[in-house]
Amino acid sequence: MHCPFCKNPDSRVIDSRTADDGTAIRRRRSCTECGRRFTTQESVILMVGKRSGVTEPFARDKIIRGVRRACQGRPVGEDKLAILAQRVEDTIRARGCAEIASHEVGLAILGPLRELDEVAYLRFASVYRGFESLADFEREISLLRAAHVDARQSQTIEAAGSASAKGTIDGVEGTARDQVRNTQHTVREAPAETAGQTAARPVRNSQDTARQVPTETVGQTAARPDLVDVAARVR
Ligand SMILES: [Zn+2]
């Protein structure tokens, strides 16, 4: 690598250390000609494999462009797009693969985009998943509606959580919120019938119900006190 100051093609490594949690190596170099110092960084280039068999370096810009198109006319600013692209890249890099299929990049976009803007999400999903009929949209919309019901319950958890977490540092609250977000994600994947049951449950139980969400037993009704009463009366 040429010295950035005098273009001399030779340099000496003075120091090298891992950076970015071990995903990169930084080398401090000294130019053998002018003696000035500079730093280089070496990291694995994440490659994206296309269906055609062509591979190309992962580019965050490409994600931003694709999502921006889906967000046309929606209240989504450039900063939000940048954060989304960063999240997608983090998700993909966390898998530790040197190459990833392009459709997996698309999949990694869907989750964060759904949180960002549901209309944009529907647009993106309709192209990406190749929606062919109104039924495809209807199915997707009913999943989104089910997620809304669950989100309302999760807000109850959040309210309960922050009430008990009074005086804790921001970081801790952030973690709790992340957990709630994960819970939402899990339930969004649940079949529509389960979501329907959830929706049909009385509001006064929503707090009890919400507390059960983190365990996988969203559909269980045994813990409802009113049902236990009924069962006792029947006996
Ligand atoms: Zn130099």
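Note that the coordinates shown come from a computational prediction; the quantities given were computed from them, not determined experimentally.

(A) Looking closely at the nonpolar core. Among the nonpolar cores identified, the biggest contains 27 residues, and Ile63, Val67, Ile92, Val105, Ile109 and Leu113 are the most heavily contacted of them. Of all the secondary structure elements, the ones that give two or more residues to this core are α1 (60-70), α2 (78-94), α3 (102-116) and α4 (118-128). With residues near it in sequence (within four places) discarded, Val105 still touches Val48, Phe58, Ile63, Val88, Ile92 and Ile100.

(B) Focus on the pattern of salt bridges. Per the stated rule, a full pass over the model turns up 13 salt bridges. Between Glu89 and Arg60 there is a salt bridge, with its nearest N and O atoms 2.5 Å apart. Of this pair, Glu89 sits in helix α2 while Arg60 sits in helix α1, placing them 29 residues apart in sequence. For Glu89, a relative accessible area of 9% puts it in the buried group. For Arg60, a relative accessible area of 33% puts it in the partly exposed group. Note that Glu140 and Arg129 form a salt bridge whose closest N and O atoms lie 3.1 Å from each other. With Glu140 in helix α5 (residues 134-164) and Arg129 in the loop between α4 and α5, this residue pair connects regions lying 11 residues apart in the sequence. Exposure remark for Glu140: the relative accessible area of 4% places this residue in the buried category. Taken together, the shared-partner salt bridges connect Lys50, Glu56 and Lys62 into one network.

(C) Inspection of α3 at higher detail. End to end, α3 covers 21 Å across 15 residues, agreeing with the expected 21 Å (1.5 Å per residue, within 8%). Buried within α3 are the following residues: Val105, Gly106, Ala108, Ile109, Leu110, Gly111, Pro112, Leu113 and Arg114.

(D) Focus on the confidence of the model for the protein. Per-residue pLDDT for the protein averages 76, and the proportion of residues at 70 or more is 68%. Counting interchain partners and residues more than four positions distant, the pLDDT-below-50 stretch residues 165-235 has 56 contacts.

(E) Representation of the sheet that holds strand β5 (residues 55-57) in the model. Across the sheet, three strands lie side by side as β5-β4-β6; this open sheet has mixed pairing. Two strands in the sheet have a free side with no partner beyond their single neighbour: β5 and β6 (99-101). Adjacent strand axes in the sheet meet at a mean angle of 30°, parallel and antiparallel pairs treated alike. Strand direction decides the pairing type here: strand β4 (residues 47-49) and β6, joined by three bridges, are parallel. Opposite Val48, over in β6, you have Ile100 as the bridge partner.

(F) Region of the structure containing the layout of surface pockets. Approximately 730 Å³ is the volume attributed to the largest pocket. The wall of the largest pocket is formed by 25 residues, among which Lys62, Ser102, Val105, Gly106 and Ile109 lie closest to the centre. Going through the elements one at a time, β4, β5, α1, α3 and α4 are the ones with two or more residues in the lining of the largest pocket. The leading source of residues in the lining of the largest pocket is α1, at seven residues. For the lining of the largest pocket, the residue count by class is 13 nonpolar, five polar and seven charged.

(G) Geometry of the coordination of the zinc ion. Bound to the zinc ion are the protein donor atoms Cys3 (SG), Cys6 (SG), Cys31 (SG) and Cys34 (SG), situated 2.3 to 2.4 Å from the metal. Around the zinc ion, the four donor atoms are arranged such that angles at the metal cover 105 to 117°; this shape is classified as tetrahedral. Counting the intervening residues between successive donors of the zinc ion yields the motif C-x2-C-x24-C-x2-C. One end of the pair, Cys3, is in the segment before β1 (11-19); the other, Cys31, is in strand β2 (residues 24-31), and 28 residues separate them in sequence. We note that Cys3, like Cys31, is buried.

(H) Looking closely at the packing of α3 against α4. For the pair α3 and α4, interaxial distance at closest approach is 8 Å and the crossing angle is 160°. When the interaxial angle is binned, α3 and α4 end up roughly antiparallel. Here the hand of the crossing between α3 and α4 comes out left-handed. Of the residues in α4, those touching α3 at His103, Glu104, Gly106, Leu107, Ile109, Leu110, Leu113, Arg114 and Leu116 are Glu118, Ala120, Tyr121, Phe124, Ala125 and Tyr128.

Reading guide: rules and limits
- Residues numbered from 1 in each chain as written.
- Predicted model: local features only at pLDDT ≥ 70, side-chain atom pairs only at ≥ 80, totals over all residues.
- Heavy atoms only, no water.
- Core = buried A, V, L, I, M, F, W, Y, C linked by side-chain atoms within 4.5 Å.
- Buried < 20%, exposed > 50% of the residue type's maximum accessible area, 1.4 Å probe, protein only.
- Helix = DSSP H or I, 4+ residues; strand = E, 2+ residues; numbered from the N terminus.
- Contact = heavy atoms within 4.5 Å.
- Salt bridge = Lys/Arg side-chain N within 4 Å of Asp/Glu carboxyl O.
- Expected span 1.5 Å × (residues − 1).
- pLDDT = per-residue confidence, 0-100.
- Pairing = 2+ DSSP bridges.
- Axes fitted to C-alpha atoms, helices over the stretch in contact; angles between N-to-C directions.
- 1 Å grid on protein atoms, 1.4 Å probe; cavity = no way out; pocket = protein on both sides within 12 Å on 5 of 7 lines; lining within 4 Å.
- Points joined across faces, edges and corners; volume = space filled by probe spheres on them.
- Nonpolar A, V, L, I, M, F, W, Y, C, P; charged D, E, K, R; others polar.
- Donors = N, O, S within 2.8 Å, 3.2 Å for Na, K, Ca; no water.
- Tetrahedral: all angles 85-135°; square planar, octahedral: opposite > 155°, others 65-115°.
- Parallel < 35°, antiparallel > 145°, perpendicular 65-115°, else oblique.
- Left-handed = near helix turned anticlockwise from the far one by under 90°.

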